Amino acid sequence: MSPPVQPVVSDEKLPASVDVVVIGAGIAGCSAAYWLAKKGHSVALLDKGNVGGEQSSRNWGWCRQQHRDLRELPLAMKSLEIWRDLNRELGAETGFRPTGLLYVTTRPDDFAQWEEWTLRARDYQMHSHVLSPAEAKAMTPGSTGDWIGGVHSPGDGRAEPSLAGPALAEAARKLGATIHQNCAVRGLDIAAGKVAGVITERGIIRATAVLCAGGAWSSLFLRRHGLRLPQAGVRSTSFATMAAPEVTDGGLSMPDVTIRRRLDGGYTVGLGGRGTVDLSPQGLLYARQFLPTLRKRHKGLTFGIGRSFFDGPEAFARWSFDKVSPFERQRTLDPAADPKLVNQGLTKLAEHYPVLKGLQVARSWGGLIDSTPDGIPVISAVDPMPGLYLSTGYTGHGFGIGPGAGRLAADIVAGDPPIVDPYPFRYSRMIDGTDLGAPGMM
């Protein structure tokens, strides 16, 4: 059962031309559309399915700076600045609350990594609090764990994935953008080696700039145009509970299970580091680039052969722009939740907090996380194709940096001074392999 998302009504008429077409109405695309429209550009936001229908509504809802890859930390910090004022700026509810986030553990390796990260993050003026065993216990009243320590990041918070993307999309429309759902972009319209627009299932839109924020579908889209993008999908499972006693008002990470308080009084529950990688043609194509990541994270991964070997975003496909594309054949990636992981999550919660024993599941869902070899996104111009830009590969932590990532993408597309240094997110690293290794702490 997919998580519910605040519905957004589509604009009826497809524009003949705009300054920028944004492909993909997840939080990265919606945020970019908002910031581009705020800069005065005409924008068309298109999605093969619905606003927020895929990974942007299936994540945990954490808005964090804590434990980011340090290359990504400046963008995470800018994003938190935006989150804190976003409800007021948009005039809409995103669910953001500045509750802080808390990590506790019984594992010495975890605690050692957290201590090291906290020290290094001080160079960025990011200050978290390393907790002693007594402090960790005091911040988790009612828990049974013999915590050896923890980390508290008071500047972080939580938001509602079902609300944030739609709120940004509607705000973009108020500034003149148009929104077109169930309108797949089949490919780029190219003239004289440059982007001239997009070819959709409903016709052509002329544009001199196109931002692809297609999540797990981005690599397939680029491959149709002879462009490489090493990207892998990891299937994940999360679930929402019915209303439950409040053991945290923000987010709490414990060994093997993570919770985030929801506006409805329940929790969104995730299983940290757990996922399934399906064998696929795209996976085989980019296997070498992902080997360092697999070596580092193999304990939490399972492997199999699923639908993605034959269709979906990781299959090899060729299609004509005047015929049905793979994006129309599968409007929304909606993998089933793994019931074993749901049961494990419930068991772990009851072990850590007896008051949560017997917690009822309201709904559970799967997702497909679009990952890069180094664990940080691509937010960049695509130099081999002038006029094409990317905002993709968020590796399961794009929701929290969505507002800042959209602003950075808009800055790059518009040619304005970027909100942070864009160098770590450049597309060229995916091709030449510079600085491309296993991801850091995420």
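Throughout what follows, the structure given in this document is the object of discussion. (Residues numbered from 1 in each chain as written. Predicted model: local features only at pLDDT ≥ 70, side-chain atom pairs only at ≥ 80, totals over all residues. Heavy atoms only, no water.)

### Here we look at a nonpolar patch on the surface
On the surface, a cluster of nonpolar side chains totalling about 450 Å² of accessible area is made up of L279, L284, I305 and F310. Secondary-structure assignment places L279 in the loop between β17 (275-278) and α7 (281-285). (Patch = residues over 30% accessible without salt bridge, like charges linked within 9 Å, V, L, I, M, F, W, Y side chains within 5 Å. Areas by Shrake-Rupley, 256 points an atom, 1.4 Å probe, with all protein chains shown as cover. Salt bridge = Lys/Arg side-chain N within 4 Å of Asp/Glu carboxyl O. Helix = DSSP H or I, 4+ residues; strand = E, 2+ residues; numbered from the N terminus.)

### Some remarks on unusual backbone geometry
Although it is not a glycine, A192 sits at a positive phi angle of roughly 55°. Note on placement: A192 falls in the loop between β9 (185-191) and β10 (194-200). With a phi close to 75°, D256 is a non-glycine residue in the positive phi region. The topology assignment puts D256 in the loop between β14 (251-254) and β15 (257-261).

### Thoughts on the side chain of Q289
Mapped onto the fold, Q289 is located in helix α8 (residues 287-297). Apart from residues lying up to four places away in sequence, Q289 is in contact with R228, P230 and P373. (Contact = heavy atoms within 4.5 Å.)

### Regarding the side chain of H152
As for its position among the elements, H152 is in strand β6 (residues 149-153). Not counting chain neighbours up to four residues away, the residues in contact with H152 comprise G100, L101, L102, S128, H129, L131 and M139.

### Some remarks on the sheet that holds β10
The three strands are arranged β9-β10-β11 in an open sheet whose pairing can be described as antiparallel. A strand with exactly one partner marks an edge of an open sheet, and here the two such strands are β9 and β11 (203-206). With strand direction ignored, the average angle separating the axes of adjacent strands in the sheet is 30°. In this structure, β9 lies alongside β10, joined through six bridges in antiparallel fashion. Looking across to β10, one finds that G187 is bridged to I199. (Pairing = 2+ DSSP bridges. Axes fitted to C-alpha atoms, helices over the stretch in contact; angles between N-to-C directions.)

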